[in-house]
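Each chain is listed here by its residues.
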Amino acid sequence: MADTTNWRPATRLVHEGTLRSEFGETSEAIFLTQGYVYQTAEEAEARFKGELPGFIYSRYSNPTTDMFEKRMCALEGAEDARATASGMAAVAAALLCSVKAGDHVVAARALFGSCRWIVETLMPQYGVAFTLVDGRDLNQWQDAVKPNTKLFFLESPTNPTLELVDIAGVAAIANKAGARLVVDNVFATPLQQKPLELGAHIVVYSATKHIDGQGRCLGGVILSDKEWIDKNLHDYFRHTGPSLSPFNAWTLLKGLETLSLRVRQQTESAGRVADFLAERPGIARVIYPGRADHPQAELAKRQMKGGSTLICFEVEGGKKAAFAFENALKVIRMSNNLGDAKSLITHPATTTHKNLSDEARAELGIGGGTLRLSLGLEDTDDLLEDVAQALKAARQG
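Residues numbered from 1 in each chain as written. Predicted model: local features only at pLDDT ≥ 70, side-chain atom pairs only at ≥ 80, totals over all residues. Heavy atoms only, no water.

1. Examining a nonpolar patch on the surface
A cluster of nonpolar side chains, contributed by I30, L32 and F247, occupies part of the molecular surface with about 290 Å² of accessible area. As for its position among the elements, I30 is in the loop between helix 1 (9–15) and helix 2 (41–49). (Patch = residues over 30% accessible without salt bridge, like charges linked within 9 Å, V, L, I, M, F, W, Y side chains within 5 Å. Areas by Shrake-Rupley, 256 points an atom, 1.4 Å probe, with all protein chains shown as cover. Salt bridge = Lys/Arg side-chain N within 4 Å of Asp/Glu carboxyl O. Helix = DSSP H or I, 4+ residues; strand = E, 2+ residues; numbered from the N terminus.)

Pasting the structure below:
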């Protein structure tokens, strides 16, 4: 077995975690099976006791899913992982298995709508209290801590306004409080930011996004230390069944092979489009972590290895102008997904964040003219031309 210790990310994304059958296949095999056959009753007993390695049931684990989990661990620098059927399944599992009735959670207010629903609506139904804070302000994190605080939760960069949260700073507060920090790292990707290296305890991804990256399937993954997964997540995962299908695991493995190439191109395009928009009349603001005018540009340099594959910008003229901009696009497609090979744009106030109150959206900086653009793999010059003509259409009205 090759020593993979010094492999760089691109190499790990192609080779790490591969499990080959006796046929010696080049591409990872898809093990489309529900269960597994034991040679003896004693072997079955030993596997169920955990005394003998091997698979028991694909709701618990599967060879193809296991390869995906191991490859993600190698990329993220995590000890262990569990792959889930979707990104929200990963978020729900990571949060719910960490708390019980009477506990308290501190979360950044700038969260994806479904994540806020879990914190604000679902968890209180089971007796878990919460406090929402401005994630950018470390003092608010500290002031929100209570004796029963068990969990911190944030995403950085945030959806859709690309705010940053000081992960190392929040982790230090969490450690002092005896709490664990969960970071949703979707917008940064594991190539641009390493939350575990910054002190986070648990990282979650919607693998539906950049990891698949080609609009094919749903998936999610939770990564942490083995002790936490064994103690907190293992039984929750085993008995509630949010497991990833083997076919989707195989698809995500194929996505990982090209992740570094795709993220590099998407980030380059995002930077060019952000610079282009920032110089155009009709644009009220552009938010991009790779630009010097980002409100937290220094933090971006400190905790991220690159900008982002996404841009947030606001067109003058509110919702009417934003809709006119979207409707005029010819290359960029309208979709609430992101991290795809195709460039995708959405109007957060009426899609991903529509269930938030007007006050909550205003608090997050999401207005009628706010648009979120996820850059794909098209020629950047074609994207620039498309944005230019759409902006002209929006200004004309």
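2. Regarding unusual backbone geometry
With an omega of -5°, the peptide bond between S156 and P157 qualifies as cis. Looking at where P157 falls in the secondary structure, it is placed in the loop between strand 4 (149–155) and helix 7 (167–177). Between N159 and the following residue, P160, the backbone shows a cis peptide bond with an omega angle of 5°. By secondary structure assignment, the location of P160 is in the loop between strand 4 and helix 7. Unusually for a residue other than glycine, L162 sits at a positive phi of about 55°. Relative to the elements of secondary structure, L162 occurs in the loop between strand 4 and helix 7. With a relative accessible area of 0%, L162 lands in the buried category. Even without being a glycine, T189 presents a positive backbone phi close to 70°. By secondary structure assignment, the location of T189 is in helix 8 (residues 189–192). A relative accessible area of 1% means that T189 is categorised as buried. (Buried < 20%, exposed > 50% of the residue type's maximum accessible area, 1.4 Å probe, protein only.)

3. Let's talk about the sheet that holds strand 8 (residues 283–287)
Spatially, 5 strands are ordered 8-9-12-11-10 in an open sheet, and the strand pairing comes out mixed. In this open sheet, the two edge strands, each paired with only one partner strand, are strand 8 and strand 10 (333–334). Of the strand pairs in this sheet, strand 8 and strand 9 (residues 310–315) are connected by 4 bridges, and their pairing is antiparallel. Of the residues in strand 9, the one forming a bridge with I283 is V315. (Pairing = 2+ DSSP bridges.)

4. Describing the packing of helix 12 (residues 259–278) against helix 16 (residues 380–396)
For the pair helix 12 and helix 16, interaxial distance at closest approach is 10 Å and the crossing angle is 35°. Between helix 12 and helix 16 lies a crossing whose hand is right-handed. Seen from helix 12, the contacting residues are Q265, S269, R272, V273, F276 and L277; seen from helix 16, they are T380, D381, L383, L384, V387 and A388. A breakdown of the residues in the contact of helix 12 with helix 16 according to their chemical character gives 7 nonpolar, 3 polar and 2 charged. (Axes fitted to C-alpha atoms, helices over the stretch in contact; angles between N-to-C directions. Left-handed = near helix turned anticlockwise from the far one by under 90°. Contact = heavy atoms within 4.5 Å. Nonpolar A, V, L, I, M, F, W, Y, C, P; charged D, E, K, R; others polar.)

5. Concerning the sheet that holds strand 3 (residues 129–133)
Across the sheet, 7 strands lie side by side as 1-7-6-5-4-2-3; this open sheet has mixed pairing. A single partner strand is all that each edge strand has here, and the edge strands are strand 1 (80–84) and strand 3. On average, each strand axis in the sheet is tilted by 20° relative to the strand beside it, whichever way the strands run. The pairing of strand 5 (residues 180–184) with strand 6 (residues 202–206) spans 3 bridges and is parallel. Across the sheet, the residue bridging to V182 is I202, located in strand 6.

6. Topic: the pairing of strand 4
Most of strand 4 is tucked away: 6 of the 7 residues are buried. Where strand 2 (residues 104–108) meets strand 4, 4 bridges bridge the pair, whose relative direction is parallel. In the strand pairing of strand 4, A107 is matched with F153. Handedness of the crossover joining strand 4 and strand 5 through helix 7 is recorded here as right-handed. (Right-handed = clockwise from strand over helix to strand, strands pointing away.)

7. Some thoughts on the packing of helix 14 (residues 318–328) against helix 16
Interaxial distance between helix 14 and helix 16 falls to 8 Å at its minimum, and their mutual angle equals 140°. One element, helix 14, and the other, helix 16, form an angle in the oblique class. Judged by the sense of rotation from one axis to the other, the crossing of helix 14 with helix 16 is right-handed. Here A321, A324, F325 and A328 of helix 14 come into contact with helix 16, specifically with V387, Q389, A390, L391, A393 and A394. Residues of the contact of helix 14 with helix 16, tallied by class, amount to 9 nonpolar, 1 polar and no charged. (Parallel < 35°, antiparallel > 145°, perpendicular 65-115°, else oblique.)

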